[in-house]
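# Secondary and tertiary structure notes
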Amino acid sequence: MIKIIFNLILIASTIFSQTDSFNFQSPHNIKLFADYLFCEGDYLRAAEEYEKISTISDDTINFKIMISYSEIGLYQQSNLKYKFQPNSLLTNDARRLFIKNLFLDSPDSYYEKTGSELFPFQLDSLSLNYRNKLISISFLFSSVENIPAEEILYPFELQERKIILSFYDQKKDPSYKSPLLAGVFSTIVPGTGKMYVGEWGDGITAFLITSLFAFLAYDNFKAHHNTRAWIFSGLGAFFYGGNIYGSVAAAQIFKARIDFEFNDGLKLYLEQQNYFLPEYDFCK
Amino acid sequence: MQSKLILLFLFLISSSAFSQLDQFKWKEAFISYEKPSEFRDREYSFDSENPFDFIKKSFANAYWFFISDVDGDNCPFRPSCSSFFMQSINETDIFQASMMFFDRFTRDMNFTKALSNYPKVKSGYYYDPPQNYTLNRSKIRYLPSTYVVDE
């Protein structure tokens, strides 16, 4: 019995051992491994593997390298990989990916990148329309104001226009709170500036603390405990001043929050729309 | 008989493989569940010759001695109120830093601050950096409350 088991182990280890005849580094096997990494979303390692076989003239491999670099945020490196002949099946997709990379590299200043020297290809109507869409989005990300709605909306289709228009309206008329008004409110009634920017808990606390110190100061002055009265007056004054200052700061933070949420919402919309690009089915 | 021999052999191997070694003996583990408190390691000395630093350190020492140490490690924010004040002075000036500090102190006393939109650091404290309160818009870095800051 022992002899049989021993023989089986010996035979199995010989049959299933790693042999020299299996070449892991062959282009075919590297591609298989790279495809696996690509479909698993491990774009960094997928790009490394594809790069090993990039000398092979294969548009799909080239396009996958572009996608991989783009997915990990190396947009310029992705665009350096643009090597497509006009008659290739993937040319249109690669062109739009090139434009998307330019946009993602600096979304808030992409609208300035309109020169034809930036593109290693002639912009046809499809890529021109795509570029115009991203220029409109770039305006929404930027700090440029007073752009007419038509200038933003014209590259989009009817369905997309409604959503882009709602972003445009938010950008044009954001629900900021005035720091000046917040400061004035807190000067008149302590805490109301904070309440104005939506910080109700902080506002009520500020009102109670300032009122408490004001009362303590008044009561001690009335009772001729001048030292205590001045200490409470000083503390009350600092809390009063701190609240006015804090209300102005809170209004500024509120503005930063609105801007953050706007940009976050716009980014989410673009991701949901896959940046107006078709979904590639390399992994199906 | 053979199966008994195999079992005996396996038993001998496992007892040798997982035996207690001379270099590493099993012993009682001394685990401390005590929360480390930073305020016990405070540096109260005045080691700077700069008069401005002397004033700054005096304020910080007074705050630690009269408020922080008495209150214990209870500040829910990071940086803590005294660190916030020191950092505020470095960011602005003593007057503006005082305003920032009293505003922070008011927010600290707010019982409903959990409802506010503070992000948290990994240790669970609310993240509230002084840079957001300098009135310089370019320094404000808004983070949503769902964000966890790697302190």
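About the cut-offs
Residues numbered from 1 in each chain as written. Chains lettered and ligands numbered in written order. Predicted model: local features only at pLDDT ≥ 70, side-chain atom pairs only at ≥ 80, totals over all residues. Helix = DSSP H or I, 4+ residues; strand = E, 2+ residues; numbered from the N terminus. Rg over C-alpha atoms; globule rule 2.2 N^0.38 Å. Contact = placed C-beta atoms within 7 Å. Expected span 1.5 Å × (residues − 1). Buried ≥ 20, exposed ≤ 12 C-beta atoms within 10 Å, placed from the backbone. Domains from an automatic or database assignment. Nonpolar A, V, L, I, M, F, W, Y, C, P; charged D, E, K, R; others polar. Core = buried A, V, L, I, M, F, W, Y, C linked by C-beta atoms within 7 Å. Arc of directions from axis to C-beta. Axes fitted to C-alpha atoms, helices over the stretch in contact; angles between N-to-C directions. Parallel < 35°, antiparallel > 145°, perpendicular 65-115°, else oblique. Left-handed = near helix turned anticlockwise from the far one by under 90°.

### Points about the overall build of chain A
Scanning chain A for helices and strands turns up 13 helices and zero strands. From first element to last, N terminus to C terminus, chain A shows the α and β order α-α-α-α-α-α-α-α-α-α-α-α-α. The C-alpha radius of gyration computed for chain A amounts to 32 Å, which surpasses the reference 19 Å derived for 284 residues by more than 25%, pointing to a less compact arrangement than a globule. Its C-alpha atoms put chain A at 105 × 70 × 30 Å along the principal axes. For chain A, the share of sequence-separated contacts (at least 6 apart) that also reach a separation of at least 24 residues comes to 53%.

### Some thoughts on the overall build of chain B
A tally of regular secondary structure across chain B gives four helices and four strands. N-terminal to C-terminal, the α/β element order of chain B is α-α-β-α-α-β-β-β. Scaling as 2.2 N^0.38, a compact globule of 151 residues should have a C-alpha radius of gyration of about 15 Å, whereas chain B reaches 27 Å, well beyond that. The principal-axis extent of the C-alpha atoms belonging to chain B is close to 90 × 40 × 30 Å.

### A word on helix 7 (residues 125-141) of chain A
Counting along an α-helix, one turn takes 3.6 residues, and residues three or four places apart therefore face a common direction. Under the 1.5 Å per step criterion, the end-to-end length of helix 7 of chain A is 24 Å for 17 residues, consistent within 8% with the ideal 24 Å. Along helix 7 of chain A, the positions that sit buried rather than exposed are Y130(A), R131(A), K133(A), L134(A), S136(A), I137(A), S138(A), L140(A) and F141(A).

### Examining the domain arrangement of chain A
Its domain assignment divides chain A into domain 1 (23-173) and domain 2 (179-268). The C-alpha centroid of domain 2 of chain A is placed 48 Å from the C-alpha centroid of domain 1 of chain A.

### Section: the interface of chain B and chain A
Opposite the 20 residues of chain B that make contact, chain A presents 22 residues. For the side of chain B that touches chain A, the element with the most residues is helix 4 (residues 94-109) of chain B, which contributes eight residues. In terms of residue class, the side of chain B that touches chain A is built from nine nonpolar, seven polar and four charged.

### Re the environment of D128(B)
Residue and element names in this part refer to chain B. For D128, the location among the structural elements is in the loop between strand 3 (126-127) and strand 4 (148-149). On a C-alpha basis, the gap between D128 and F84 in space is 8.5 Å, while along the polypeptide they are 44 residues apart. In this structure D128 touches F77 and Y118, once residues within four positions along its chain are discounted.

### A few points about the environment of F139(A)
Residues and elements named next belong to chain A. Inspection of the secondary structure puts F139 in helix 7. Taking the C-alpha atoms as reference points, F139 and G193, separated by 54 residues in sequence, lie 33 Å from one another. With sequence-adjacent residues up to four places away left out, F139 is seen in contact with Y111, V144, I147 and I152.

### So, the nonpolar core
Within the largest apolar cluster, 32 residues are counted, with the highest numbers of intra-cluster contacts made by A182(A), A250(A) and F85(B). Among the secondary structure elements, those contributing two or more residues to this core are helix 10 (179-188), helix 11 (192-196), helix 12 (200-222) and helix 13 (226-272) of chain A together with helix 3 (81-91) and helix 4 of chain B. Top contributing element to this core by residue count: helix 13 of chain A, with 10 residues. Among residues more than four places away in sequence, those in contact with A250(A) are A182(A), K194(A), V197(A) and E199(A). Within the second largest apolar cluster, 28 residues are counted, among which are I61(A), I67(A), Y111(A) and Y130(A).

### Section: helix 3 (residues 43-52) of chain A
Residues and elements named next belong to chain A. Considered for burial, the residues of helix 3 that qualify are Y43, A46, A47, E49 and Y50. Mapping the buried residues of helix 3 onto a view down its axis gives an arc of 165°, with all of them on the same face. Elements in contact with the buried residues of helix 3: helix 2 (27-39) and helix 4 (59-71).

### Points about the packing of helix 10 of chain A against helix 13 of chain A
Residues and elements named next belong to chain A. Viewed as axis vectors pointing N to C, helix 10 and helix 13 meet at an angle of 155°, and their least axial separation amounts to 8 Å. With respect to helix 13, the element helix 10 is oriented roughly antiparallel. Our pair here, helix 10 against helix 13, has a crossing hand that is right-handed. Taken together, the residues of helix 13 that come into contact with helix 10 (itself represented by P179, A182, G183, F185, S186 and T187) are N243, I244, S247, V248, A250, A251 and Q252. Classifying every residue of the contact of helix 10 with helix 13 gives seven nonpolar, six polar and no charged.

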